[in-house]
Amino acid sequence: MISLGRGLSDDGHSVVSLQPEDLRAAAVSTTGLDDFGDTWWDEPFRRLCASLEGESRLHLPGRLRARGELQVVLQNRLRMVHLWKEEPAVLREEVHAPIVVTGFGRSGTTLLHELLACDPDNRPPLLWELLHSVPYEDASGDLCDDEIKLMDEMVPAFTAMHENGGRLPTECIFAFAHQFSSDMFTGLYNVPEYTVWRSGVDQAPIYDWHKRHLQTLQWVTERPTTRWVVKAPSHLSALPLLFATYPDARVAMTHRDPLRVIGSLADLMATLHWMHSDHVDHGVLVEFMAMGLEMQMDHVTAERDAGAIPNEQITDVVYKDLVADPVDVIERLYASWDLPVSAEFRSALNAYLAARHTGRASGHDYSFADTGLDLATHRALLKQYQERFRVPSEV
């Protein structure tokens, strides 16, 4: 299909439009709805489309995927806004004391999120719920599973890097995507101008949407939701906004030697970019990851030490402890939150851990040496972070 796109002389630009007006019109036509709600989302949406056209160098399959990915979000946004107008009670739903898992990527956030999801009193958002939030014909986890199978067929190694599924707990980036300001898009495409622009913009509206998204899922399913457990490395960069939105949030922050995972993060991002483009600069991604992780942890450390966020509501989890004894980590977390570990929760934890990795792809191999970075230079930059949170070196 890539060759077919090149045969069109424009990699599919003339066949698959990513113009904002065309995307909006298609979403309106598909859903029969035309109210997108607040207007804040429009500028990031237009900037994202401009970066996709001007920077991403999408091949034809990439354009098709991008069109589909944006279309799904636009259509879900239309359906959610329509629901809020028809049923104002949706936005009166209470979201009580959510548990928020955060930490930089590959530091155990997924494992911890899935462990916490074993508690019957905790509700994680599932991928299909975040992308097809309002019931309509064909809305189901199967639809998301089909989309993910296509990703796996394009790059079979992707499954070993990160397991996905329509019915699996997923990240908040898919909720943020509905305001079109999300790390989801930075992960999928090479969009540096969009990414730089986002870094200088107040992100409060994406957290407002995040809460509305949880309220919607609570209302739509019409079942009691004792407590949400959500997850995203993205929250690290916006902890004041997180606590402003959810003042009673309990945050579990994972920690791991960044130099152990930079290579993995860069490989993951390069793979996602490659699904959309055959022009991927792995070296640039490595430098981006190294600089980003080092700056991010310095920033978070300073915020916490300065009292800019409620440090007493944050519990730290070191990766080596999590993998060595997951149940002990859960027990310590629950003790810090004054929550009971029920017999049902304990049984579900043991079953999850017994089944973990069964039928999954083999692990993703990577090493710091593959990054080409100087170990001594970057180890020195992380000294304060590692000492502050007692994070052992792994390379």
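Above: the structure in question.
Here's what I pulled together on the structure shown here. (Residues numbered from 1 in each chain as written. Predicted model: local features only at pLDDT ≥ 70, side-chain atom pairs only at ≥ 80, totals over all residues. Heavy atoms only, no water.)

## Topic: the pairing of strand 1 (residues 99-102)
Going by this rule: We call a residue buried when its accessible area falls under 20% of the maximum for its residue type, exposed when it is over 50%, and partly exposed in between, using a 1.4 Å probe and counting protein chains only. Helix and strand assignments come from DSSP, with helices taken as H or I runs of at least 4 residues and strands as E runs of at least 2, each series counted from the N terminus. Paired strands are those between which DSSP finds at least two bridges.
The two faces of strand 1 match: Ile99 and Val101 on one face and Val100 and Thr102 on the other face are all buried. Relative to strand 3 (residues 227-231), strand 1 runs parallel, the two being bridged by three bridges. Opposite Ile99, over in strand 3, you have Val229 as the bridge partner. Pairing of strand 1 with strand 4 (residues 250-255), which is carried by four bridges, proceeds in the parallel orientation. Residue pairing across strands places Thr102 opposite Met253, the latter belonging to strand 4.

## A word on the pattern of salt bridges
Spelled out, the test is: For this analysis, a salt bridge means a side-chain nitrogen from Lys or Arg found within 4 Å of a carboxyl oxygen belonging to Asp or Glu.
Using the criterion set out here, one finds 22 salt bridges in the structure. When the shortest N-O distance is used, the salt bridge between Arg227 and Asp119 registers 3.4 Å. Here Arg227, found in strand 3, pairs with Asp119, found in the loop between helix 5 (109-116) and strand 2 (122-123); they are 108 residues apart in sequence, far enough to count as distant. Of the residues examined, Arg227 reaches a relative accessible area of 8% and is grouped as buried. Residue classification places Asp119 among the buried residues on the basis of a relative accessible area of 3%. When the shortest N-O distance is used, the salt bridge between Glu394 and Arg260 registers 3.9 Å. Of the two residues, Glu394 is situated in the segment after helix 20 (383-389) and Arg260 in helix 14 (residues 258-274); the sequence distance between them amounts to 134 residues. For Arg260, a relative accessible area of 23% gives the class partly exposed. In the salt-bridge network here, residues are joined through shared partners; they are Glu21, Arg24, Asp42 and Arg46.

## Looking at the packing of helix 3 (residues 42-54) against helix 4 (residues 60-86)
For any two helices packed against each other, one specifies the crossing angle of their axes together with the interaxial distance. Stated formally: Lines fitted to the C-alpha atoms define the axes, with helices restricted to the stretch that makes contact. Angles between their N-to-C directions range from 0 to 180 degrees. Reported orientations rely on four angle classes, namely roughly parallel under 35 degrees, roughly antiparallel over 145, roughly perpendicular from 65 to 115, and oblique for the rest. Between two residues, a contact is recorded if the distance between any of their heavy atoms is within 4.5 Å. Under this grouping Gly is polar, as are all residues other than the nonpolar Ala, Val, Leu, Ile, Met, Phe, Trp, Tyr, Cys and Pro and the charged Asp, Glu, Lys and Arg.
At a minimum axis separation of 12 Å, helix 3 and helix 4 run at an interaxial angle of 175°. Judged by the inter-axis angle, helix 3 sits roughly antiparallel to helix 4. Contact with helix 3, carried on its side by Phe45, Leu48, Cys49, Leu52 and Glu53, involves Arg63, Leu70 and Leu74 of helix 4 and no other residues of that element. In terms of residue class, the contact of helix 3 with helix 4 is built from six nonpolar, no polar and two charged.

## Notes on the sheet that holds strand 5 (residues 314-318)
An order of 2-3-1-4-5 is seen for the five strands of this open sheet, with the pairing classed as parallel. Each of the sheet's edge strands pairs with one partner strand only, and the pair in question is strand 2 and strand 5. Across the sheet, helix 12 (residues 204-221) touches strand 2 and strand 3, and the angle it forms with strand 3 is around 135°. Most of the contacts of helix 15 (residues 282-305) go to strand 4, to which it runs at about 140°, and overall it touches strand 4 and strand 5.

## Focus on helix 11 (residues 192-199)
Note the threshold: Taking the helix axis as origin, the arc is that swept by the directions to the C-beta atoms.
Of all the residues in helix 11, the buried ones are Tyr194, Thr195, Trp197 and Arg198. Seen end-on, helix 11 carries its buried residues on one side only, within an arc spanning 165°. For helix 11, the exposed residues lying more than 90 degrees away from the buried face are Glu193, Val196 and Ser199. Looking at the buried side of helix 11, the elements it contacts are helix 3 and helix 10 (183-188).

## Observations regarding the packing of aromatic side chains
Keep this limit in mind: The criterion for an aromatic pair is that two Phe, Tyr or Trp rings (for Trp, the six-membered ring) have centres within 6.5 Å, with stacked assigned to planes under 30 degrees apart, edge-to-face to planes over 60 apart and tilted to the rest. A ring is scored as having a charge over it whenever the NZ atom of a lysine or the CZ atom of an arginine sits within 6 Å of its centre and within 35 degrees of its normal.
Counted by the stated rule, this structure contains 12 aromatic pairs. Where Phe176 meets Tyr207, the ring centres are 5.0 Å apart and the plane angle is 55°; that geometry is what we call tilted. On the criterion of sequence distance, the pair formed by Phe176 in helix 9 (residues 173-176) and Tyr207 in helix 12 is long-range, its members being 31 residues apart. For the pair Phe176 and Tyr207, one class covers both residues: buried. In this structure an aromatic cluster arises from ring pairing among Phe36, Trp41, Phe45, Phe180, Phe185 and Tyr194. Between Arg79 and the ring centre of Tyr136, over which it is positioned, the NZ or CZ distance is 3.7 Å. The ring of Tyr319 has Arg256 lying over it, and the distance from NZ or CZ to the ring centre is 3.8 Å.

Shape is all these values report; function is a separate question.
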